[in-house]
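The lines below spell out each chain.
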Amino acid sequence: MLEHDTLLAWENFYIIVGSSAGALTGLQFVVMALVAESDTRTDTGEVDAFGTPTIVHFCAVLLVSAILSAPWPRLWQVATAVEICGVLGIAYTLIVIRRTRRTKNYTAELEDWIWHAVLPLLGYLTLFGGAVALPLRTVPALFGIGVFSLLLLFVGIHNAWDTVTYITVGMKESQSRRS
């Protein structure tokens, strides 16, 4: 299969995944509006550790979907663009881990570390590995990049839902305990 035909075979997948990431980015804005309306305020440390990464992950999926849907003349060019996304995602996840360790109003639990640190880091490592392999082993590499896309979508969905449930249930429980 020619390079262009190989990418073309994935076009519907990336249209669906990219569109979902775009729509879910909008949903995260609704989640943040709920945070702003809640009685208990948080500071930027918690938002930087738990809210902003969700937007970044959705946008990363959207960007990779756009990159893989573009009509590139050569596969190595696509690989280079996706490699850059992978490296930036790895670096950003390490920043998020540092921010999470420094939060003052909320202490991350094991589940938080898994969903906000471990899974995104694995996703970006998979993205980078898939991008490196893309020119040599195109089909397995595209499946790896597809795994990244779905993993980060599900991580974002979980984390947005986790935020909503924390605001609606967890904050109210902690307020009633203080009363």
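Since this is a predicted model, take the numbers as computed values, not measurements. (Residues numbered from 1 in each chain as written. Predicted model: local features only at pLDDT ≥ 70, side-chain atom pairs only at ≥ 80, totals over all residues. Heavy atoms only, no water.)

Asker: Run through the overall build of the chain, naming residues and quoting values.
Answerer: From N to C terminus, the chain includes six helices and zero strands. The N-to-C order of helical and strand elements in the chain reads α-α-α-α-α-α. In the chain, buried positions account for 40% of the 179 residues. Once local pairs closer than 6 in sequence are excluded, the contacts in the chain between residues at least 24 apart make up 82%. (Helix = DSSP H or I, 4+ residues; strand = E, 2+ residues; numbered from the N terminus. Buried < 20%, exposed > 50% of the residue type's maximum accessible area, 1.4 Å probe, protein only. Contact = heavy atoms within 4.5 Å.)

Asker: Any details on the environment of asparagine 159? Residues and values, ideally.
Answerer: Checked against the element boundaries, asparagine 159 lands in helix H6 (residues 138-178). In sequence terms asparagine 159 and phenylalanine 50 are 109 residues apart; their C-alpha atoms lie 7.6 Å from each other. Discounting chain neighbours no more than four positions away, the residues touching asparagine 159 are Thr54, Trp115 and His116. At a separation of 3.4 Å, a polar atom in the side chain of asparagine 159 contacts the side chain of histidine 116. (Polar contact = N/O pair within 3.5 Å; in protein donor to acceptor, adjacent residues only side chain to side chain.)

Asker: Describe helix H3 (residues 44-69), with residues and values.
Answerer: With 26 residues, H3 should cover 38 Å at 1.5 Å per step; its first-to-last C-alpha distance of 35 Å lies within 8% of that length. The sharpest bend along H3 measures roughly 35° and falls at threonine 52, with the proline proline 53 sitting one to four residues further on. (Expected span 1.5 Å × (residues − 1). Bend = angle between axes of the 7 residues up to and from the residue.)

Asker: Report on the packing of helix H4 (residues 75-101) against helix H5 (residues 110-133), specifying residues and quantitative values.
Answerer: For the pair H4 and H5, the least separation of the axes is 8 Å and the interaxial angle reads 160°. As judged from the angle between their axes, H4 and H5 are roughly antiparallel. In this structure, the crossing between H4 and H5 has a hand that is left-handed. Here the residues of the contact of H4 with H5 are counted per class, giving 17 nonpolar, five polar and two charged. (Axes fitted to C-alpha atoms, helices over the stretch in contact; angles between N-to-C directions. Parallel < 35°, antiparallel > 145°, perpendicular 65-115°, else oblique. Left-handed = near helix turned anticlockwise from the far one by under 90°. Nonpolar A, V, L, I, M, F, W, Y, C, P; charged D, E, K, R; others polar.)

Asker: Which residues make up the environment of tryptophan 10, and what values do they have?
Answerer: Among the secondary structure elements, tryptophan 10 is positioned in the loop between helix H1 (3-9) and helix H2 (11-37). Residues tryptophan 10 and leucine 142 lie 132 residues apart in sequence; the distance between their C-alpha atoms is 8.2 Å. Residues in contact with tryptophan 10, not counting those within four places in the same chain, are Leu142 and Phe143.

Asker: Give me the nonpolar core: which residues, what numbers.
Answerer: Judged by nonpolar contacts, the single largest core of 29 residues is most densely connected at Leu68, Val82, Leu127 and Phe148. Broken down by element, this core gets its largest block of residues, seven residues, from H4. In contact with valine 82, other than residues within four places in its own chain, are Ile67, Leu68, Leu127, Ala131 and Ile145. (Core = buried A, V, L, I, M, F, W, Y, C linked by side-chain atoms within 4.5 Å.)

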